[in-house]
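Structural description and commentary
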Amino acid sequence: MRRRHLPSLTGLHCFEAAARHLSFTRAADELSLTQSAVSKQVSQLEMTLQHPLFRRVRKRLHLTPEGAVYLSEARKILAQVEMSTRYMQSYGVEADVLNVATLPTFGARWLIPRLNGFRFKHPSINLNISNRSEPFDMQKERIEIAFFFGHGVWPRAECIKLLDEEVVPVCAPSVMSQTEVNDPLALTKMILLQVSTRPEAWHDWFEAQQLYTEHSYHGPRFDTFYMALRAARAGCGVALVPRFLAQEELDEGKLVIPWPFSLNSQDAYYMAYPEHMADLHKVKSFTEWIKARL
């Protein structure tokens, strides 16, 4: 599309405000424009899109089906522009932004407690932390530090091992009191809670004890360990999770281990950063801070 055929940000703002208020007048008041200016911007946008965005029914403004579809897209565009602008506003010589990606539950349970004091030690480094459950390209995603679970290999990156993983079953005390657990297979009577990123977890846990059950893959499925832990606490069943992620609830007695067998994972948790960024002050400062807290 040629540049002259692209809508302006002013046009998108006018359309979004008019769609939210269903009124050109109220949109104009919000944007400090005249009603005719808002109407003109929307008309130009309709000409560009070659679709009507609004229709009037008994002097009231309504979105057309095309308008409803474009409203969703316009909001995404405006939100992205705002995010990118704020990112650049916080990026500078005096305040370096360090983009960190982490596994959701690992970040909440292991990483965040270890960040206490980092800001006071390194006031010029602004941490921007996001969750990543799926594989990604650090360079394309502008990520400088990544925490992941695996074999310790990441393309064009240095990897530092943080900790091994021991997987244990956990459930609420009330659930265990309702079931007599004389062997591992008794856990299938509690409902096995599944985690999407570890589809083979229960199968591997039973297999390590030379056991097999058709229930290994049956049960409610959750995106993260955190959700599975919450479900286990709520009495929805028994979850198979890394012990360190459930340690807080185990210490408080909110969760118990119904069968003592634990499975040591072949993979481990790692911290990675791009090889070409190894000497950057913000990367060195952060990695040294984390290594000092292992």
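Scroll up a little and you will see the structure.
Below, the structure is looked at part by part. As the structure is a computational prediction, the values presented were derived from the model and not from experiment.

The contact between helix α2 (residues 24–31) and helix α3 (residues 35–49) brings their axes to 8 Å, and the two run at 105°. As summarised for this structure, α2 and α3 are arranged roughly perpendicular, according to the angle between their axes. Between α2 and α3, the residues in contact are Phe 24, Thr 25, Ala 27 and Ala 28 and Gln 35, Val 38, Ser 39 and Val 42, respectively. Residues that form the contact of α2 with α3 fall into these classes: five nonpolar, three polar and no charged.

The subject of this paragraph is the pairing of strand β1 (residues 54–57). Here β1 runs beside strand β2 (residues 60–63); their pairing, made up of four bridges, is antiparallel. Counterpart to Arg 56 in the pairing with β2 is Leu 61.

Moving on: the layout of surface pockets. Counted as a void, the largest pocket has a volume near 470 Å³. Contributing to the lining of the largest pocket are 22 residues, with Leu 103, Arg 132, Ser 133, Phe 149 and Thr 197 lying nearest its centre. Taken together, the elements giving at least two residues each to the lining of the largest pocket come down to α5 (104–111) and β5 (145–150). Broken down by element, the residue count for the lining of the largest pocket peaks at four residues, all from β5. When grouped by side-chain class, the residues that make up the lining of the largest pocket number 14 nonpolar, four polar and four charged. Counted as a void, the second largest pocket has a volume near 370 Å³. Surrounding the second largest pocket, 17 residues form its lining, Glu 165, Arg 198, Asp 204, Ser 265 and Gln 266 being those nearest its centre. Elements that contribute at least two residues to the lining of the second largest pocket include exactly β5, β6 (157–170), α8 (201–207), β9 (238–242) and β10 (263–274). Here the lining of the second largest pocket gets five residues from one element, more than from any other, and that element is β10. Of the residues belonging to the lining of the second largest pocket, the class tally is seven nonpolar, five polar and five charged.

Parameters and conventions
- Residues numbered from 1 in each chain as written.
- Predicted model: local features only at pLDDT ≥ 70, side-chain atom pairs only at ≥ 80, totals over all residues.
- Heavy atoms only, no water.
- Axes fitted to C-alpha atoms, helices over the stretch in contact; angles between N-to-C directions.
- Helix = DSSP H or I, 4+ residues; strand = E, 2+ residues; numbered from the N terminus.
- Parallel < 35°, antiparallel > 145°, perpendicular 65-115°, else oblique.
- Contact = heavy atoms within 4.5 Å.
- Nonpolar A, V, L, I, M, F, W, Y, C, P; charged D, E, K, R; others polar.
- Pairing = 2+ DSSP bridges.
- 1 Å grid on protein atoms, 1.4 Å probe; cavity = no way out; pocket = protein on both sides within 12 Å on 5 of 7 lines; lining within 4 Å.
- Points joined across faces, edges and corners; volume = space filled by probe spheres on them.

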